Amino acid sequence: MAPLSNDVVAAMDEAVRAKARPWQIKPADFFSVCERFRQSAARIAAVDADAIAIMPSVSYALAVAAKNLSFAPGQNIVTLADQFPSNIYVWRKLAQERQGTVRTARRDADDCWTAAVLDAIGPDTAIVAVPHCHWADGRLVDLEQVAEACRQTGAAIVLDLTQSLGALPVDLNRIKPDFAVAACYKWLMGPYGVAMCYVDPRHHVGEPIENNWINRAGSQDFARLVDYRDDFQPGARRFDMGEKSNPPLLEGAREAMEFLLEFGIERIGAHLTAFTAEIAAQAASVGLSSAPVGKRAGHFLSLDLPRDMAAGLPDRLAQDEIFVSVRGNSLRVTPHLYNDDTDIGAVIGALG
C-alpha cells in the first residue's frame, strides 16, 4: 500500500469535515466530485474522461467485464500462473457457468510472461485477462503484442493495471483493451476502497452489475428522481458504483493522481527504473539475483531468495524500519520518489 502524501491527507481531511456540515452540500456536489476524479483518472490513463468508470475495487470492475463480454461453451480464458486472486476467481466462475475453461499461461524460468501468454492464445480463446506486470515477480507482459494476438483471434482483452499504472507508462490507445482497471491504493498513491476503470466505447451500451439511481439519465434533478428512467448517464458512467459520490475517497484519489501528474509518469518510471537497477546491482554483491529490466518492470524489483531465508524475513527487516514483502521465495522491493541512496544502503546492509 502506498503512503499518502501530505496533500492527499489534507484533501481527505477537508472532505471528511465537509460531511460534518451536510446542509452545505448541494445536489450538484454529488456529480462534480465524481467528474473531478474522472478527469484526473483520464489524464493518468491518457484516455477520454467519458471512458472512465468509478468503482470500489478490481474485483467489482472484473465482474462488470465478465457480465459484458461474450463467452460461449468450449471457449477459454487466458490468465497467468499465480496471478492475483481477484483476477482469477471471476474467470473461474464464468468458465464454470458457461461450460468453458481457464487456460493458465506458465513462463519459462528466466523469461518474461509475453511468450507464455501468446502461446496460450488460440482460436477458442474468448478473453485474455492479464496484468502489465506480475504482482509477485514483477515480470512483464508486452500488452501491445498480446492485444494484437487478441485482435487476430477475436478475443477480448481485460487488464488489471493495479501493479503498474502510475509508475509504468502504458498506451491504452494502442492496446485498445475492452476493460482496464487499477485500484488507487498502490501505484496511484491514493486511498483504499476506490478504483478507476477504463471501458472501451464499444461497451458503453453494456449492462451494469447494479441498479443505482445516480447513474440514470436525469438524476441531477433531485425533484424528479421518481420519474423513473431506463436510460443512463453518458459513456462509462452507467457502470459507476453506487454511492460513488464519496468525497474523502474521490478527492483523496484525485489529489494523489495530480501528485503523480505533477512529476509525470514517464519521469517517475525512468527514475524508479534507475533506482531499482542500483538496488539490484548491490543485491548481487551479497548473492541475491534478479531479472533484468525488460524482463521485469522498471519500478518493480523481485530478489530471488534462498529457500531457508524467506520465512520471517519481512518482520526481521521491519525491525530496522525496512519495509518489503515476500512472495513465495522472492523479496519484492518497490521504492518510490521518497526513497534515496541512504535507503539502498540500509536494505543491502540488512540483507548482507
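Look up: the structure comes first, before these words.
Everything in this summary refers to the structure shown in the same document. On a predicted model such as this, the values are computed, not experimentally measured, just so you know. (Residues numbered from 1 in each chain as written. Predicted model: local features only at pLDDT ≥ 70, side-chain atom pairs only at ≥ 80, totals over all residues. Heavy atoms only, no water.)

## Describing empty space enclosed by the protein
Throughout the structure, instances matching the rule amount to one cavity of 30 Å³ or more. Computed from the structure, the largest cavity encloses a volume of approximately 40 Å³. Taken together, Ala45, Leu161, Leu165, Leu172, Ala180, Val181, Ala182, Met196 and Tyr198 make up the lining of the largest cavity. The set of elements that each furnish at least two residues to the lining of the largest cavity consists of strand 6 (179–183) and strand 7 (195–199). Examining the composition of the lining of the largest cavity, we find that three residues originate from one element, strand 6, more than from any other. In terms of residue class, the lining of the largest cavity is built from nine nonpolar, no polar and no charged. (1 Å grid on protein atoms, 1.4 Å probe; cavity = no way out; pocket = protein on both sides within 12 Å on 5 of 7 lines; lining within 4 Å. Points joined across faces, edges and corners; volume = space filled by probe spheres on them. Helix = DSSP H or I, 4+ residues; strand = E, 2+ residues; numbered from the N terminus. Nonpolar A, V, L, I, M, F, W, Y, C, P; charged D, E, K, R; others polar.)

## As for the nonpolar core
Core analysis: the largest hydrophobic core is formed by 90 residues, its most contacted members being Phe37, Trp91, Val117, Ile127 and Met196. For Val117, the contacting residues outside a window of four places in its chain are Val78, Leu80, Ala105, Val128, Val130, Val141 and Val146. The next biggest cluster of nonpolar side chains, apart from the first, holds 20 residues, and it includes Ala283, Leu301, Val333 and Ile348. (Core = buried A, V, L, I, M, F, W, Y, C linked by side-chain atoms within 4.5 Å. Buried < 20%, exposed > 50% of the residue type's maximum accessible area, 1.4 Å probe, protein only. Contact = heavy atoms within 4.5 Å.)

## Observations concerning the pattern of salt bridges
Evaluation of the coordinates by the stated rule reveals 19 salt bridges. Across the pair Glu207 and Lys67 runs a salt bridge, and its minimum N-O distance is 3.8 Å. With Glu207 in the loop between strand 7 and helix 8 (247–263) and Lys67 in helix 3 (residues 58–68), this residue pair connects regions lying 140 residues apart in the sequence. Assessed through its relative accessible area of 48%, Glu207 is described here as partly exposed. Where Glu255 meets Arg254, a salt bridge forms, and the shortest distance between an N and an O atom there is 3.4 Å. Arg254 sits in the buried class, given a relative accessible area of 17%. When salt bridges with common partners are traced through the structure, they connect Glu35, Arg38, Asp50, Arg237, Asp240 and Lys244 into a single cluster. (Salt bridge = Lys/Arg side-chain N within 4 Å of Asp/Glu carboxyl O.)

## Topic: the side chain of Arg139
With respect to the helices, strands and loops of the structure, Arg139 is situated in the loop between strand 4 (125–131) and helix 6 (143–153). With no salt bridge to any partner, buried Arg139 finds its closest opposite charge in Asp137, at an N-O distance of 4.9 Å. Leave out the neighbours within four places in its chain, and Arg139 touches Arg107, Ala109, Asp110, Asp111, Cys112, Trp113, His132, Cys133, His134, Ala291, Lys295 and Arg296. (Lys, Arg positive; Asp, Glu negative; His and termini not counted.)

## Description of the pairing of strand 6
Taking burial as the measure, the five residues of strand 6 include five buried ones, the bulk of the element. Two elements, strand 6 and strand 7, share five bridges in a ladder whose sense is antiparallel. By the bridge assignment for strand 7, Ala182 is matched with Met196. (Pairing = 2+ DSSP bridges.)

## Description of the layout of surface pockets
There is about 770 Å³ of room inside the largest pocket. Looking at the largest pocket, it is lined by 30 residues, and the ones nearest its centre are Phe323, Val324, Thr334, Pro335 and Tyr338. Broken down by element, the residue count for the lining of the largest pocket peaks at four residues, all from helix 11 (residues 341–351). Here the lining of the largest pocket is built from residues that sort into 19 nonpolar, five polar and six charged. Empty space within the second largest pocket amounts to approximately 600 Å³.

## Focus on the environment of Ala156
Mapped onto the fold, Ala156 is located in strand 5 (residues 156–160). Given a relative accessible area of 9%, Ala156 falls into the buried group. Sequence separation of Ala156 and Ser70 is 86 residues, and the distance between their C-alpha atoms is 8.4 Å. Not counting chain neighbours up to four residues away, the residues in contact with Ala156 comprise Leu69, Ala126, Ile127, Val128, Cys150 and Asp178.

## Topic: the side chain of Lys186
Within the secondary structure, Lys186 is located in the loop between strand 6 and strand 7. Asp160 is the oppositely charged side chain nearest to the buried, salt-bridge-free Lys186, at an N-O distance of 9.7 Å. For Lys186, the contacting residues outside a window of four places in its chain are Met1, Ala2, Thr162, Gln163 and Arg332.

## Side note on the sheet that holds strand 10 (residues 330–333)
A sheet is described by the order of its strands in space; here three strands give the open sequence 8-10-9, paired in antiparallel fashion. Of all strands in the sheet, those with a lone pairing partner are strand 8 (301–304) and strand 9 (325–327), marking the two edges. In this sheet, adjacent strand axes meet at a mean angle of 35° when their direction is disregarded. Bridge count for strand 8 against strand 10 is four bridges, and the pairing is antiparallel. Across the sheet, the residue bridging to Leu301 is Val333, located in strand 10. (Axes fitted to C-alpha atoms, helices over the stretch in contact; angles between N-to-C directions.)

## A closer look at helix 3
Within helix 3, eight of the 11 residues are buried, which leaves it mostly tucked inside the rest of the structure. Those residues of helix 3 that sit buried are Val58, Tyr60, Ala61, Leu62, Val64, Ala65, Ala66 and Asn68. Close packing links the buried residues of helix 3 with strand 1 (52–55), helix 4 (89–97), strand 5, strand 6 and strand 7.

That is the geometry; function is a separate question.
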